[in-house]
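# Architecture and fold: a report
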Amino acid sequence: MDSGTSRRSFLIGQAEFPARPLEPALYLVATPIGNLADITIRALETLAAADVLACEDTRVSRVLLERYGIRRRTTAYHEHNAADAGPRLMAALEEGKSVALISDAGTPLVSDPGYRLVGEALERGLRVVPIPGPSAALAALTVSGLPSDAFLFAGFLPVKAGQKRTRLEQWQAVPATLIFFESPRRVADTLDAMAQVLGAERRAAVCRELTKTFEEARHGTLGELAAHYAAADTPKGEVVICVGPAADQEAAPADVDALLIGLAAEMPASKAAAEAARMTGQPKQELYRRLLALKEGGGG
């Protein structure tokens, strides 16, 4: 677990910056999901300064490290070697070393085994520090056009059709935008299953190659998207599917009143009604009249 004798610094353009020493801790460092320019300065400094740098795939991480002149020895930590690599990383932490953990892309622990390492570190009273940054799930949510006040990250669905439908049925009534990762080879089948289980009229977005040259976000209903990908060639690159809440799950009148009053406290009545319509699926004009009645004290 020797971290090597390389100079602890990083490059931005042609300028070299020394990395300040880190306190002993497990650092969870978010890395770019495609565009290498999305790295944060704090992340670069952490990667350059850590005593131990653990990567999901050292070959993938080497591209990022070389881009920013970070000449450090790395060690592999991934699903297939966690049982062996995990104890070595724990030993380094207990020796008072700083350990930085990165995945191939995005925020560590999201669909990777890092949570086991974090759980053990916390059980042993060791410090865990997040170094936030890129996340494919959040990037997709922001461009999906779907409600973001409540969302659920559901990860990868099972490959087998029956198990996939069962899992989707578990999320069917969740009053939040659902976020899934999916293999490009299974996008068409998954969208078809979603249309059948969640409802063909449910709004959704398929986001592909986020932050990369051929970035794409395709919007529509689940039925429309399922039909498109059934007829299209297999998409390339990483895929995130966002599915909005079911439009037919209308809130109770008292909940709608509370929502309208809360929104009206932050924005004009017309805009509050429009936002409430987007969130509940109810007609804007009816909500606007309801809000005016509430303001006049005549709601009931």
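Bear in mind the structure is a predicted one, so any value in this text is a computation, not a measurement. (Residues numbered from 1 in each chain as written. Predicted model: local features only at pLDDT ≥ 70, side-chain atom pairs only at ≥ 80, totals over all residues. Heavy atoms only, no water.)

### Describing the side chain of Arg-72
Inclusion rule: Numbering of helices and strands starts at the N terminus; helices are DSSP runs of H or I of at least 4 residues and strands are runs of E of at least 2. Any residue under 20% of the maximum accessible area for its type is buried, any over 50% is exposed, and the rest in between are partly exposed; the area is computed with a 1.4 Å probe on protein chains only. None of His or the chain ends enter the tally, which takes Lys and Arg as positive and Asp and Glu as negative. Salt bridge, as used here, is a side-chain nitrogen of Lys or Arg placed within 4 Å of a carboxyl oxygen of Asp or Glu. Here a polar contact is taken to be a pair of N or O atoms separated by no more than 3.5 Å, where protein atoms must pair a possible hydrogen donor with a possible acceptor and residues adjacent in sequence count only if both atoms sit in side chains.
Among the structural elements, Arg-72 can be located in the loop between helix H2 (58-67) and strand S5 (75-76). The side chain of Arg-72 sits in the buried core without any salt bridge; Asp-51 is the nearest counter-charge, 5.9 Å away. Here Leu-47 takes part through its backbone oxygen, which lies 3.4 Å from a polar atom of the side chain of Arg-72.

### Description of the nonpolar core
Using the following cut-off: Nonpolar cores were defined as sets of buried Ala, Val, Leu, Ile, Met, Phe, Trp, Tyr and Cys residues, with membership established by side-chain atoms within 4.5 Å. Throughout, a residue-residue contact means that at least one pair of heavy atoms, one from each residue, lies within 4.5 Å.
If you look at the biggest cluster of nonpolar residues, it comprises 24 residues, and the most contacted ones within it are Phe-180, Leu-191, Met-194 and Val-243. Those elements that place two or more of their residues in this core are strand S8 (151-156), strand S9 (177-182), helix H7 (187-198), strand S10 (203-208), helix H8 (222-231) and strand S12 (239-243). Sorting elements by how many residues they give to this core places H7 first, with 7 residues. In contact with Phe-180, other than residues within four places in its own chain, are Ala-154, Gly-155, Leu-157, Leu-168, Trp-171, Met-194, Val-239, Val-240, Ile-241 and Val-243. Val-29, Leu-44, Leu-64 and Ile-131 belong to the second-largest nonpolar core, a separate cluster that totals 22 residues.

### Some details on the packing of aromatic side chains
Note the following rule: Only Phe, Tyr and Trp rings are paired, with Trp represented by its six-membered ring, and only when their centres lie within 6.5 Å; those with planes under 30 degrees apart are stacked, over 60 edge-to-face, the remainder tilted.
Counted according to the given criterion, the structure contains 3 aromatic pairs. Note on Phe-153 and Phe-181: the rings are 4.9 Å apart at their centroids and 70 degrees apart in plane angle, and the pair reads as edge-to-face. In this pair, Phe-153 sits in strand S8 while Phe-181 sits in strand S9, placing the two residues 28 residues apart along the sequence. Overall, the relative accessible area of 13% leaves Phe-181 in the buried class. Summarising the aromatic geometry, the rings of Phe-156 and Phe-181 are spaced 5.7 Å apart at their centres and angled 65 degrees between planes, so their arrangement reads as edge-to-face. Placement of the pair is Phe-156 in strand S8 and Phe-181 in strand S9, with a sequence separation of 25 residues. These aromatic residues form a ring-pair network of at least three members: Phe-153, Phe-156 and Phe-181.

### Concerning helix H11 (residues 284-295)
Keep this limit in mind: The span expected for a helix works out to 1.5 Å for each residue beyond the first.
Between its terminal C-alpha atoms H11 stretches 16 Å, which fits the 16 Å expected from 12 residues at 1.5 Å a residue. Positive phi appears at Gly-297, one or two residues downstream of H11, with a value of about 85 degrees.

### Looking at the pattern of salt bridges
Per the counting criterion, the structure on display carries 12 salt bridges. The closest approach of N and O atoms between Glu-94 and Arg-124, which form a salt bridge, is 3.1 Å. Here the residue Glu-94 occupies a position in helix H3 (residues 82-94), and Arg-124 occupies one in the loop between helix H4 (114-123) and strand S7 (128-131), the gap between them amounting to 30 residues. Residue class for Glu-94 comes out partly exposed when judged on its relative accessible area of 47%. The network of salt bridges with shared partners includes Glu-94, Glu-120 and Arg-124.

### Details of a nonpolar patch on the surface
In plain terms, the rule: Only residues whose relative accessible area exceeds 30% and that form no salt bridge enter a patch; like-charged residues are grouped when within 9 Å of one another, and nonpolar side chains (Val, Leu, Ile, Met, Phe, Trp, Tyr) when within 5 Å. To be clear on the numbers: accessible area is Shrake-Rupley with a 1.4 Å probe, and residue cover counts the displayed protein chains and nothing else.
A contiguous nonpolar patch, built from Ile-12, Phe-17 and Ile-41 and spanning about 260 Å² of accessible area, is present on the exposed surface. You can see Phe-17 is positioned in strand S2 (residues 15-18).

### A look at the sheet that holds S9
We apply this condition: Any two strands between which DSSP finds at least two bridges are classified as paired. Between N-to-C directions, angles cover 0 to 180 degrees, with each direction set by a line fitted to C-alpha atoms, over the stretch in contact for helices.
The 5 strands are arranged S8-S9-S12-S10-S11 in an open sheet whose pairing can be described as mixed. Across the chains shown, the open sheet's two edge strands, defined by having one partner strand only, are S8 and strand S11 (216-221). Taken pair by pair, the neighbouring strands of this sheet meet at an average axis angle of 15 degrees, ignoring direction. Alignment of S10 against S11, held across 6 bridges, turns out to be antiparallel. Within S11, the residue paired with Ala-205 across the bridge is His-219. Relative to S9, helix H6 (residues 161-171) is tilted by about 155 degrees, and along the sheet it contacts S8 and S9. Packed on one face of the sheet, H8 meets S10, S11 and S12 and runs near 125 degrees to S11.

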